[in-house]
Amino acid sequence: GQQVMQIPQYQHVQEGEDFTTYCNSSTTLSNIQWYKQRPGGHPVFLIQLVKSGEVKKQKRLTFQFGEAKKNSSLHITATQTTDVGTYFCAGPTTDSWGKLQFGAGTQVVVTP
Amino acid sequence: NAGVTQTPKFQVLKTGQSMTLQCAQDMNHEYMSWYRQDPGMGLRLIHYSVGAGITDQGEVPNGYNVSRSTTEDFPLRLLSAAPSQTSVYFCASRDRGLDEQYFGPGTRLTVT
């Protein structure tokens, strides 16, 4: 069945550094979404990408959707302690129900 | 708007007990989902609904039942709790035309 994979599983970052997390799907996606979950919290929607090659920015966060619409990336510049949390990507399943398949997430730890 | 609400926040059950996790949303969303979150495994879909009276199974439905008698409510029933059902459970909803999902605060369930 469809799989959504994220790498790395863990990311330790020094405050002020940049890092990138990647999301890969086994199938072509109509769109991809990114969510952030703070420790002890619930997932919160960040962004949705729809077009092939699309790039969107939210302040220090840059999201990209691959040309083949099977992969995506999230790049964070000048990491801050507020970036701590787990970042999930999610894509719609191939059935017609509109369900979402989530990746396992990248857990980000920021050291001052 | 309260958004998506879940009760209880914490629950401890003994093996074999049954219980219902409550979920309600006040945004008039048609689509509602139940996920479980386990360490390193992301969010896995348990059950899904696209409207009152219409439900479908997700990736891990065994041991759980759902019903959707109203647009607002989507309870999740554990028929006979097992230690493998120890997890954090999130309910989510979204509007038909939008893919952004709104998550509830979660229920942390421990089965001993």
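Data block above holds the structure.
Since this is a predicted model, take the numbers as computed values, not measurements.

### A short note on unusual backbone geometry
Thinking step 1. Cis geometry marks the peptide bond from isoleucine 7 of chain A to proline 8 of chain A; its omega dihedral reads -5°.
Thinking step 2. Residue position: proline 8 of chain A is located in the loop between strand E1 (4-7) and strand E2 (10-14).
Thinking step 3. With an omega dihedral of -5°, the bond running from threonine 7 of chain B to proline 8 of chain B counts as a cis peptide bond.
Thinking step 4. Among the structural elements, proline 8 of chain B can be located in the loop between strand E1 (4-7) and strand E2 (10-13).
Thinking step 5. Residue lysine 59 of chain A is not a glycine yet carries a positive backbone phi of 55°.
Thinking step 6. Along the chain, the position of lysine 59 of chain A falls in the loop between strand E6 (55-58) and strand E7 (61-65).
Thinking step 7. Lysine 59 of chain A gets classed as exposed once you look at its relative accessible area, which sits at 87%.
Thinking step 8. Positive phi outside glycine occurs at alanine 78 of chain A, with the angle close to 50°.
Thinking step 9. For alanine 78 of chain A, the position within the fold is in the loop between strand E8 (71-76) and strand E9 (85-92).

### Observations regarding the interface of chain B and chain A
Thinking step 1. Taken together, the contact pairs 23 residues of chain B with 19 residues of chain A.
Thinking step 2. Taken together, both faces of the contact between chain B and chain A bury some 1600 Å²; the carbon and sulfur share is 56%.
Thinking step 3. The tally of links from chain B across to chain A stands at one salt bridge.
Thinking step 4. One salt bridge connects lysine 99 of chain A with aspartate 56 of chain B, and the closest N-O pair in it is separated by 2.6 Å.
Thinking step 5. Remark: the boundary between chain B and chain A carries four residue pairs in polar contact (both at pLDDT 80 or more).
Thinking step 6. When residues of the side of chain B that touches chain A are traced back to their parent elements, those giving at least two are strand E4 (31-37), strand E5 (43-51), strand E6 (54-57) and strand E9 (87-94) of chain B.
Thinking step 7. Broken down by class, the residue content of the side of chain B that touches chain A amounts to 11 nonpolar, seven polar and five charged.

### Some points on the state of the cysteines
Thinking step 1. With the rule as written, the count across this model stands at two disulfides over all chains.
Thinking step 2. Residue cysteine 23 of chain A pairs covalently with cysteine 89 of chain A via a disulfide, S to S 2.0 Å. Its S-S torsion of approximately 80° makes the covalent link between cysteine 23 of chain A and cysteine 89 of chain A right-handed. A residue pair is termed long-range when its members are at least 10 positions apart, and cysteine 23 of chain A in strand E3 (residues 19-25) and cysteine 89 of chain A in strand E9 qualify at 66 residues. One exposure class covers both cysteine 23 of chain A and cysteine 89 of chain A, and it is buried.
Thinking step 3. A sulfur-sulfur separation of 1.9 Å characterises the disulfide bridge that pairs cysteine 23 of chain B with cysteine 91 of chain B. Its S-S torsion of approximately -70° makes the covalent link between cysteine 23 of chain B and cysteine 91 of chain B left-handed. You can see cysteine 23 of chain B sitting in strand E3 (residues 19-25) and its partner cysteine 91 of chain B sitting in strand E9, a full 68 residues away along the chain.
Thinking step 4. With relative accessibility at 2%, the residue cysteine 23 of chain B sits in the buried group.

### Digging into the layout of surface pockets
Thinking step 1. Quantified by volume, the largest pocket comes out at close to 630 Å³.
Thinking step 2. The wall of the largest pocket is formed by 32 residues, among which Gln37, Gly40 and Gly41 of chain A together with Gln37 and Arg108 of chain B lie closest to the centre.
Thinking step 3. Among the secondary structure elements, those contributing two or more residues to the lining of the largest pocket are E9 and strand E11 (106-111) of chain A together with E9 and strand E11 (107-111) of chain B.
Thinking step 4. By residue class, the composition of the lining of the largest pocket is 13 nonpolar, 15 polar and four charged.
Thinking step 5. Size it by volume and the second largest pocket reaches roughly 260 Å³.
Thinking step 6. In terms of lining residues, the second largest pocket is bounded by Lys36, Gln37, Arg38, Val44, Leu46, Gln58, Lys59, Arg60, Leu61, Asp83 and Tyr87 of chain A.
Thinking step 7. Looking at the lining of the second largest pocket, the elements that each hand over two or more residues are strand E4 (32-37) and strand E5 (44-49) of chain A.
Thinking step 8. Here the residues of the lining of the second largest pocket sort into four nonpolar, two polar and five charged.

Each value, and the rule that gives it
- Residues numbered from 1 in each chain as written.
- Chains lettered and ligands numbered in written order.
- Predicted model: local features only at pLDDT ≥ 70, side-chain atom pairs only at ≥ 80, totals over all residues.
- Heavy atoms only, no water.
- Helix = DSSP H or I, 4+ residues; strand = E, 2+ residues; numbered from the N terminus.
- Buried < 20%, exposed > 50% of the residue type's maximum accessible area, 1.4 Å probe, protein only.
- Contact = heavy atoms within 4.5 Å.
- Buried area = accessible area lost by both parts, 1.4 Å probe.
- Salt bridge = Lys/Arg side-chain N within 4 Å of Asp/Glu carboxyl O.
- Polar contact = N/O pair within 3.5 Å; in protein donor to acceptor, adjacent residues only side chain to side chain.
- Nonpolar A, V, L, I, M, F, W, Y, C, P; charged D, E, K, R; others polar.
- Disulfide = S-S within 2.5 Å.
- 1 Å grid on protein atoms, 1.4 Å probe; cavity = no way out; pocket = protein on both sides within 12 Å on 5 of 7 lines; lining within 4 Å.
- Points joined across faces, edges and corners; volume = space filled by probe spheres on them.

Bear in mind that shape data such as this cannot, by itself, settle questions of function.
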